[in-house]
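# Structural features, examined
Spelled out, the chains give:
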Protein chains: 2
Amino acid sequence: MVNLSDVARKAHVSKMTVSRVINHPDQVSPELMTLVQQAIEAVGYVPNQVARALVNQRHYVIRFLLLEDVATVEPNYAKLLIRLAHNLQQKGYTLEISLDITAETQSIDGIIVSGWRQEDLLKLQTLDVPVILYGAAPPNSPLSSVDVDNQAGIEKATEYMWRQGYRDIYYIGLSLDLPFAKQREAGYRAVMAQKGGRVNVYQTENHAHLADTLLTNLMHNFELPTAIVCATDRIALGVLRAVQRVYHIPRECGVIGFDGVFIDQLTQPQLTTVRQPFALIAEKIVAQIISQIESENTLEVENTSILPDIVVRETTNL
Amino acid sequence: MVNLSDVARKAHVSKMTVSRVINHPDQVSPELMTLVQQAIEAVGYVPNQVARALVNQRHYVIRFLLLEDVATVEPNYAKLLIRLAHNLQQKGYTLEISLDITAETQSIDGIIVSGWRQEDLLKLQTLDVPVILYGAAPPNSPLSSVDVDNQAGIEKATEYMWRQGYRDIYYIGLSLDLPFAKQREAGYRAVMAQKGGRVNVYQTENHAHLADTLLTNLMHNFELPTAIVCATDRIALGVLRAVQRVYHIPRECGVIGFDGVFIDQLTQPQLTTVRQPFALIAEKIVAQIISQIESENTLEVENTSILPDIVVRETTNL
């Protein structure tokens, strides 16, 4: 395939010169312009990424930096990665995947980070390319971020159960000291405070069997009809199993999860859930990273929380 | 950060020249070598990917080309992608994700393709970079491929159920006209022919609820103890649900799945399954693509099938 070298060789100039003619025609003499244009036609060249990079310092590559433990990677990532790749492709960028926070940044234009912890932020701030955080931003975030609105999502879920007629509403949250977990619990508490209903908050690790055991112990205290708002679909799976042994779902007990990635399609009855809006999240992340790359000035930090929707299925219809 | 341009500018030569000095020192004069070396020291430059690319045509980028419908992407991909990224990183390569079979190949060294169909193969063969297929290769494959050994995996599963003492063994396969689906079914048939057992083959689409319905209708014909070998964990999930309503698992009925990606961790009882060896698959894919990139000659087509292991859990212990 014909490339920049062939044009340079044909015109007897450097590749840098050819790139300048292509990308900054206002900066070159008419004679040079003609010379290079003729060479381009003669060899049949189409400008490409490598050529653009030489002059603009733009590589048209965005890195997805995954800092989470590879062994515990959730299926969520497949959906997000592929949407990011798709959206970036439409803007002429490619997406690379990296697991290494120390990797060089010379060959990329920006970074989208996932699975970061507080201790990673200093390093990320000091990189010489724009960085967008995926996930709940810390207070006074030094970097822009995009996430699902965790608190609003569980508020919606709790409100929905109240509207369906359930009055004894439980929240099974995550025993994790992370912002997203606390935000979800805060959503439940906010709605229950507003409704004046009894607050029943329990926590578990993110495993179906642990949630199953927890509910098996709690179930004898239910005042029907009872609703269970779950921090994740994994928890909801365990909750459904336990509760179904004793109660009718959804008539005596309603269950709602959070994620909508995959697990919700596997449960029986089919799980009502708060669906992570990956399409919108990916759109916003891409818009953010590109506007940071293309801006001449330093942009203000922007933290976006995207409101998710409830996907109503069979576990919540009183 | 200091880059190739800064060195070129300092030495008053082109970037191509600087790259040649760095990558092919045997091809340059001592005077030019000294000139560029001094410039490198003066500006504090460290060679990088872009520089290597100019001279070697090596970009140190491998593309993962996903041709499957984005909307139906399985969680399998998250695990494979991340292992590929990890293994490639250790060899100095980055992994980019693309969904577009027509994307230019000038900025990459090789392609790993997934979700391809027979009609994609001609296009893939004619690309000007090495291509490795992920998934069951067609007969007379024009390109090298790496996959789990589908037939041997189900043979192992069927053999295992026989050894456990189950004698009426069913196979619930996929109603898909694709090589991997046919290979899995062939594995069951081969073992049953060898054992002289009754052949019970049924097919369904890859959905838990369809498998549930299918088994609900089949269950009354069971001669206990019965085993059910499933083409996927999704199918096994539906099978477990149906069978548990009537029989004891595993004492009256045993169930084994195939995948071991995610679903197997969510079932109750915990599912015995044939686990896709993603770590080994990723290792082999990376070894293959790099050896094709680094070879001066055209290598022979090599189709690798990796034998999976059975992860024994609670659904198969008579």
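Residues numbered from 1 in each chain as written. Chains lettered and ligands numbered in written order. Predicted model: local features only at pLDDT ≥ 70, side-chain atom pairs only at ≥ 80, totals over all residues. Heavy atoms only, no water.

Under an unreviewed UniProt entry, the name given to chain A is LacI family DNA-binding transcriptional regulator, and the source organism is Leuconostoc pseudomesenteroides.

Let us now look at the overall build of chain A. Check the secondary structure of chain A and you find 11 helices and 12 strands. Relative to the globule expectation of 20 Å for 318 residues, the C-alpha radius of gyration of chain A, 26 Å, shows a markedly less compact shape. Counting every position in chain A, which comprises 318 residues, the buried fraction comes to 55%. Sequence-distant contacts in chain A: of pairs separated by 6 or more residues, those separated by 24 or more amount to 71%. Working note: accessible area of chain A is about 13700 Å², and carbon and sulfur atoms make up 47% of it. Here chain A contributes 27 positively and 35 negatively charged side chains, and the mean placements of these two sets differ by 4 Å. (Helix = DSSP H or I, 4+ residues; strand = E, 2+ residues; numbered from the N terminus. Rg over C-alpha atoms; globule rule 2.2 N^0.38 Å. Buried < 20%, exposed > 50% of the residue type's maximum accessible area, 1.4 Å probe, protein only. Contact = heavy atoms within 4.5 Å. Areas by Shrake-Rupley, 256 points an atom, 1.4 Å probe, with all protein chains shown as cover. Lys, Arg positive; Asp, Glu negative; His and termini not counted. Charge placed at Lys NZ, Arg CZ, Asp CG, Glu CD.)

On to the relation of the copies chain B and chain A, then. Superposition of chain B onto chain A requires a rotation of 179 degrees combined with a translation of 0.0 Å along the rotation axis, giving an RMSD of 0.5 Å. Given the turn and translation reported, the copies of this chain are related as if by a two-fold rotation axis. Every residue of chain B has its C-alpha some distance from the rotation axis, and the shortest such distance is that of Glu 96 of chain B, at 1.8 Å. Interface overlap between copies is the fraction of interface residues in one copy that are interface residues in the other; for chain B against chain A it reaches 98%, indicating a shared surface. (Least-squares fit on C-alpha atoms with pLDDT ≥ 70 in both.)

Turning our eyes to something else, we now look at the interface of chain B and chain A. Taken together, the contact between chain B and chain A spans 48 residues of the former and 47 residues of the latter. Between chain B and chain A, a total of about 4300 Å² is buried, with carbon and sulfur atoms accounting for 62% of that surface. Our count for the chain B to chain A interface comes out at 0 salt bridges. The tally of links between chain B and chain A comes to 13 residue pairs in polar contact (both at pLDDT 80 or more). Class assignment for the residues of the side of chain B that touches chain A results in 22 nonpolar, 16 polar and 10 charged. As defined by bridge partners, strand S2 (residues 94-98) of chain A adjoins strand S2 (residues 94-98) of chain B across 3 bridges and the pair is classed as antiparallel. Its bridge partner lying in S2 of chain B, Leu 95 of chain A is registered against Ile 97 of chain B. (Buried area = accessible area lost by both parts, 1.4 Å probe. Salt bridge = Lys/Arg side-chain N within 4 Å of Asp/Glu carboxyl O. Polar contact = N/O pair within 3.5 Å; in protein donor to acceptor, adjacent residues only side chain to side chain. Nonpolar A, V, L, I, M, F, W, Y, C, P; charged D, E, K, R; others polar. Pairing = 2+ DSSP bridges.)

Next up on the list: helix H7 (residues 150-164) of chain A. Residues and elements named next belong to chain A. For H7, built from 15 residues, the straight-helix expectation of 21 Å at 1.5 Å per residue is met to within 8% by its first-to-last C-alpha distance of 21 Å. Restricting attention to buried positions, one finds in H7 the residues Asn 150, Ala 152, Gly 153, Ile 154, Ala 157, Thr 158, Tyr 160, Met 161 and Trp 162. N-capping of H7 is provided by Asp 149, with a side-chain oxygen placed 3.4 Å from the backbone N of Gln 151. Within two residues after H7, Gly 165 carries a phi angle of roughly 110 degrees, on the positive side. (Expected span 1.5 Å × (residues − 1).)

Quick look at the environment of Leu 218 of chain A now. All names here are of chain A. Following the sequence through the fold, Leu 218 ends up in helix H9 (residues 208-218). Assessed through its relative accessible area of 8%, Leu 218 is described here as buried. Residues Leu 218 and Leu 81 lie 137 residues apart in sequence; the distance between their C-alpha atoms is 38 Å. Residue contacts for Leu 218: discarding those within four places in its chain leaves Tyr 170, Ile 172 and Tyr 202.

Residues and elements named next belong to chain A. Scanning the entire structure with this criterion turns up 11 aromatic pairs over all chains. Pairing Tyr 170 with Phe 222 gives two aromatic rings, centres 5.0 Å apart and planes at 55 degrees, and the pair type is tilted. Taken together, the residues Tyr 170 in strand S6 (residues 168-174) and Phe 222 in the loop between H9 and strand S8 (226-230) connect sequence positions 52 residues apart. Considered together, Tyr 170 and Phe 222 belong to a single accessibility category, that of buried residues. For the ring pair Phe 222 and Tyr 247, a centre distance of 5.6 Å and an interplane angle of 25 degrees mean the geometry is stacked. Of the two residues, Phe 222 sits in the loop between H9 and S8 while Tyr 247 sits in the loop between helix H10 (233-244) and strand S9 (253-259), which places them 25 residues apart along the sequence. Put simply, the rings of Tyr 170, Tyr 202, Phe 222 and Tyr 247 touch in pairs and so form one group of aromatic residues. Over the face of the ring belonging to Phe 258 we find Arg 184, whose NZ or CZ atom lies 3.8 Å from the ring centre. (Phe/Tyr/Trp six-rings, centres within 6.5 Å; stacked < 30°, edge-to-face > 60°. Lys NZ or Arg CZ within 6 Å of the ring centre and 35° of its normal.)

The strands making up a sheet associate through hydrogen bonds between their backbones, and the pairing can be parallel or antiparallel. Residue and element names in this part refer to chain B. With respect to topology, 6 strands assemble into an open sheet ordered S7-S6-S8-S9-S10-S12, the strand pairing being mixed. Sheet topology places strand S7 (200-204) and strand S12 (309-311) at the edges, where each strand pairs with a single neighbour. Adjacent strand axes in the sheet meet at a mean angle of 20 degrees, parallel and antiparallel pairs treated alike. Of the pairings in the sheet, the one linking strand S8 (residues 226-230) to strand S9 (residues 253-259) comprises 4 bridges and is parallel in character. Bridge pairing in S9 links Thr 226 to Cys 253. Here helix H9 (residues 208-218) sits on the sheet in contact with strand S6 (168-174), S7 and S8, set at roughly 145 degrees to S7. Packed on one face of the sheet, helix H10 (residues 233-244) meets S6, S7, S8, S9 and strand S10 (272-275) and runs near 160 degrees to S9. (Axes fitted to C-alpha atoms, helices over the stretch in contact; angles between N-to-C directions.)

What follows deals with the environment of Ile 40 of chain A. All names here are of chain A. One can find Ile 40 in helix H3 (residues 30-43). Linking Ile 40 and Leu 127, residues 87 residues apart in sequence, is a C-alpha distance of 37 Å. Sequence-distant contacts of Ile 40, defined by excluding residues within four places in its chain, comprise Val 7, Ile 22 and Tyr 45.

Moving on, we get to the nonpolar core. Counting residues in hydrophobic clusters, the biggest one holds 150 residues, and the most contacted among them are Leu 215 and Ile 228 of chain A together with Leu 215 and Ile 228 of chain B. Leave out the neighbours within four places in its chain, and Ile 228 of chain A touches Met 161, Tyr 170, Ile 172, Leu 215, Phe 222, Val 239, Val 243, Cys 253, Gly 254, Val 255 and Ile 256 of chain A. (Core = buried A, V, L, I, M, F, W, Y, C linked by side-chain atoms within 4.5 Å.)

Moving on to the pattern of salt bridges. All names here are of chain A. Taken as a whole and judged by the stated rule, the model has 24 salt bridges over all chains. One salt bridge connects Glu 159 with Lys 195, and the closest N-O pair in it is separated by 3.3 Å. Here Glu 159, found in helix H7, pairs with Lys 195, found in helix H8 (residues 179-195); they are 36 residues apart in sequence, far enough to count as distant. Judged by its relative accessible area of 21%, Glu 159 falls in the partly exposed class. Of the residues examined, Lys 195 reaches a relative accessible area of 27% and is grouped as partly exposed.

All names here are of chain B. Taking burial as the measure, the 7 residues of S9 include 7 buried ones, the bulk of the element. The β-α-β motif built from S8, the intervening H10 and the parallel element S9 has right-handed crossover chirality. When S9 meets S10, the two strands line up parallel, connected through 4 bridges. In the sheet register, Ile 256 faces S10, and the bridge partner there is Thr 272. (Right-handed = clockwise from strand over helix to strand, strands pointing away.)

Glancing now at the packing of H9 of chain A against H10 of chain A. All names here are of chain A. For the pair H9 and H10, interaxial distance at closest approach is 7 Å and the crossing angle is 40 degrees. By the criterion of interaxial angle, the relationship of H9 to H10 is oblique. Seen along the crossing, H9 lies across H10 with a hand that is right-handed. Contacts from Ala 208, Ala 211, Asp 212, Leu 215 and Thr 216 in H9 reach Arg 234, Ile 235, Leu 237, Gly 238, Val 239, Arg 241, Ala 242 and Val 243 in H10. Looking at the contact of H9 with H10 residue by residue, the class counts come to 8 nonpolar, 2 polar and 3 charged. (Parallel < 35°, antiparallel > 145°, perpendicular 65-115°, else oblique. Left-handed = near helix turned anticlockwise from the far one by under 90°.)

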